[in-house]
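Here is how the chains run, residue by residue.
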Amino acid sequence: SLPIRNFGVSGRATYNYDSRYFFEFNFGYNGSERFSAQNRYGFFPSAGLAWAISNEPFFKEWTTVVSKLRLRANLGLVGNDAIGSPTDRFFYLSEVNMNEAGFGYQFGTTGGYGGSGYSVRRYANPAITWETSRNTTFGLELGLWSKFNLIAEYFLDHRYNILMNRASIPSTMGLQAMQRANVGEVRSRSTDIQMDYSNTFGKDFYLSFRGNFTFSQNRYEAFEEPAYAEPWLYRKGNSTSQRWGYIAERLFVDDHEVQSSPVQNFGSFETRGGDIKYRDINGDGVINSLDQVAIGFPSVPEIVYGFGFSSRFKAVDFSAFFQGSARSSFWIDVNATSPFINYRSAQEISDGFLNGRQLQNQLLNVYANSHWSEENRDLYAVWPRLSSTYNGNSNQNSTWFMRNGAFLRLKSVELGYTFPKKITQRINVSNMRFYGSATNLLTISAFKYWDVEMAGDGLGYPVQRVINLGLQLDF
């Protein structure tokens with residue numbers, strides 16, 4: 001019920017000398033109610049420089065070829081107080097529940113007397129402060145013959161004071177609530193390139209091209225985690241979107257092979273022939289979380305790109321645009337695609353979506369055509385043995401259901417014809433154009449089960465392919 005209170009003062013100064021030298025300075029002095037008085041305020045400045053080389057007097061003789069040349073760089077700090085959960089408004093204060101039934105007391109011969117007790121949901125921590133990002137950017141702007149333009153940027157980011165749970169505090173300390181502190185660090189680097197070209201060849205032909213390419217990676221410099229005996233378990237040095245899982249070798253031939261292999265029962269589900277066989281990384285004879293390693297590419301694409309062109313020859317125009325991504329992995333959602341399983345989210349159930357009905361997942365064609373069975377013991381089938389309940393062995397994050405998320409899509413294409421003036425004048429219109437267009441017409445991807453941008457859930461609503469025919473009239 002208390003209004004949220006933040007305080008901020010900002011300023012900006014810019015300077016331009018003879019359209020050759022540019023300078024800009026920005027600052028923000030911000031205060032947040034979420035932190036204690038000693039860490040409540042943060043000062044976040046930034047500065048940038050640019051040099052327009054093409055505007056220098058000594059460069060005039062080159063401007064017919066290099067029409068634009070500019071170098072620029074900036075360095076700045078950005079603060080973030082939106083850390084933790086919405087209930088963590090006041091990190092520096094403890095939160096105690098004085099009426100917690102699970103921490104109460106009971107007495108009497110039948111235990112029927114007693115009351116509720118106290119529990120700690122958050123311990124006071126006045127040291128929690130702003131999550132800060134230090135950004136550095138180097139840029140190049142290049143123009144050639146007043147027809148080709150290139151913008152290339154190299155970006156560095158060091159994010160520190162990231163709020164994390166303290167995994168290094170032993171349970172023997174007897175703390176009820178998880179401790180958190182600003183202990184995480186992430187470094188990111190990315191390259192972004194944009195280019196465009198446009199030119200008219202004679203009076204009848206026009207061509208323009210535009211493309212962009214982004215390559216971005218990050219890694220944990222500091223990650224709060226316990227001391228592992230197995231070095232492959234550490235998150236430090238890996239991407240923030242890197243996933244861990246088991247290495248799947250193949251499917252078990254039969255129950256006899258299961259009994260002669262490392263134990264890998266997950267929960268109460270018994271492993272049987274036709275289930276996925278995982279690799280025992282540490283060689284202790286048991287498949288568990290200690291055998292999980294970094295698998296695949298990060299779940300967020302490290303490469304994103306797009307390119308397209310527009311052209312016109314006399315009365316005919318043609319344009320197309322492609323988009324794609326690379327260096328990413330996704331995992332087939334076993335729960336959402338398991339055949340014959342009643343899978344609905346808890347939110348759908350609480351909203352009355354089921355209305356008392358029992359719904360079952362559809363049987364995907366790829367699973368019907370490739371699954372393990374007693375009659376067909378395919379050790380590399382897409383789907384393990386069928387089950388009327390969730391198979392806890394198949395539901396583990398592993399390389400078995402890992403797929404390459406790279407793709408190239410023809411996002412849009414259009415072909416048009418503009419009628420000559422002698423025809424439009426006869427029907428009293430200023431312009432008439434007939435065209436055909438299509439979206440999502442073609443996709444190139446190694447993943448063939450369903451649309452690759454649907455990622456792990458093949459039973460979701462697919463990306464639509466749309467084809468249009470139209471007539472444009474201007475009066």
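A brief report on the enclosed structure follows.

Digging into the overall build of the protein chain
Counting its regular elements, the protein chain contains five helices and 21 strands. Its C-alpha atoms give the protein chain a radius of gyration of 31 Å, more than 25% over the compact-globule value 23 Å for 475 residues. Viewed in the frame of its principal axes, the protein chain has a C-alpha envelope of about 100 × 70 × 50 Å. Considering only contacts in the protein chain between residues 6 or more positions apart, those separated by 24 or more positions represent 64%. As presented, the protein chain carries roughly 27,800 Å² of accessible surface, and 55% of it is formed by carbon and sulfur atoms. With 45 positive and 43 negative side-chain charges, the protein chain shows a separation of 9 Å between the mean positions of the two kinds.

Considering unusual backbone geometry
At Trp145, a position not held by glycine, the phi torsion is positive, near 55°. Structurally, Trp145 is set in the loop between strand S7 (131-144) and strand S8 (148-165). For Trp145, a relative accessible area of 52% gives the class exposed.

Some details on the side chain of Asn182
With respect to the helices and strands, Asn182 occurs in strand S9 (residues 180-201). On the accessibility criterion, Asn182 (16% relative accessible area) is buried. A polar contact of 2.8 Å, which involves the side chain of Asn182, links it to the backbone oxygen of Asn161. Discounting chain neighbours no more than four positions away, the residues touching Asn182 are Ile83, Ala127, Ile128, Thr129, Asn161, Ile162 and Leu163.

Let's talk about the pattern of salt bridges
What the rule picks out here adds up to 27 salt bridges. The closest approach of N and O atoms between Glu24 and Arg12, which form a salt bridge, is 3.3 Å. Remark: Arg12 occurs in strand S1 (residues 6-17) and Glu24 occurs in strand S2 (residues 21-32); sequence separation between them is 12 residues. You can call Glu24 partly exposed: its relative accessible area is 29%. Since its relative accessible area comes to 61%, Arg12 is described here as exposed. In this structure, Arg166 engages Glu224 in a salt bridge whose closest nitrogen and oxygen atoms are separated by 3.0 Å. Placement of the pair is Arg166 in the loop between S8 and S9 and Glu224 in the loop between strand S10 (205-222) and strand S11 (243-245), with a sequence separation of 58 residues. The exposure class assigned to Glu224 is buried, which follows from its relative accessible area of 13%. Overlapping salt bridges bring together Asp88, Glu95, Arg121, Arg122 and Arg180 as one network.

Focus: the environment of Arg243
Structurally, Arg243 is set in strand S11. A C-alpha to C-alpha distance of 8.1 Å links Arg243 and Phe297, two positions 54 residues apart in sequence. When neighbours within four sequence positions are excluded, Arg243 is seen to be in contact with Val293, Ala294, Ile295, Ser299, Trp331 and Asn397. Within the structure, the side chain of Arg243 is placed 2.7 Å from the side chain of Asn397, a separation counted as a polar contact.

A short note on the environment of Arg180
With respect to the element layout, Arg180 can be found in strand S9. Look at Arg180 and you get partly exposed, because its relative accessible area is 23%. Between the C-alpha atoms of Arg180 and Asn369, which are 189 residues apart in sequence, the distance is 49 Å. Ignoring anything within four residues of it in the chain, the contact list for Arg180 reads Gly84, Ser85, Asp88, Phe91, Asn125, Ile128, Leu163, Met164, Asn165 and Arg166. Side-chain polar atoms of Arg180 contact the side chain of Asp88, separated by 2.7 Å.

Regarding the environment of Tyr15
Following the sequence through the fold, Tyr15 ends up in strand S1. As for Tyr15 and Leu49, which are separated by 34 residues in sequence, their C-alpha atoms are 9.7 Å apart.

Thoughts on the pairing of S1
Bridge count between S1 and S2: 12 bridges; the pairing is antiparallel. Its bridge partner lying in S2, Tyr17 is registered against Tyr21. If you look at the hairpin formed by S1 and S2, you'll find three residues sitting between the two strands, and Asp18 has a positive phi there, around 55°.

Cut-offs and rules
- Residues numbered from 1 in each chain as written.
- Predicted model: local features only at pLDDT ≥ 70, side-chain atom pairs only at ≥ 80, totals over all residues.
- Heavy atoms only, no water.
- Helix = DSSP H or I, 4+ residues; strand = E, 2+ residues; numbered from the N terminus.
- Rg over C-alpha atoms; globule rule 2.2 N^0.38 Å.
- Contact = heavy atoms within 4.5 Å.
- Areas by Shrake-Rupley, 256 points an atom, 1.4 Å probe, with all protein chains shown as cover.
- Lys, Arg positive; Asp, Glu negative; His and termini not counted.
- Charge placed at Lys NZ, Arg CZ, Asp CG, Glu CD.
- Buried < 20%, exposed > 50% of the residue type's maximum accessible area, 1.4 Å probe, protein only.
- Polar contact = N/O pair within 3.5 Å; in protein donor to acceptor, adjacent residues only side chain to side chain.
- Salt bridge = Lys/Arg side-chain N within 4 Å of Asp/Glu carboxyl O.
- Pairing = 2+ DSSP bridges.

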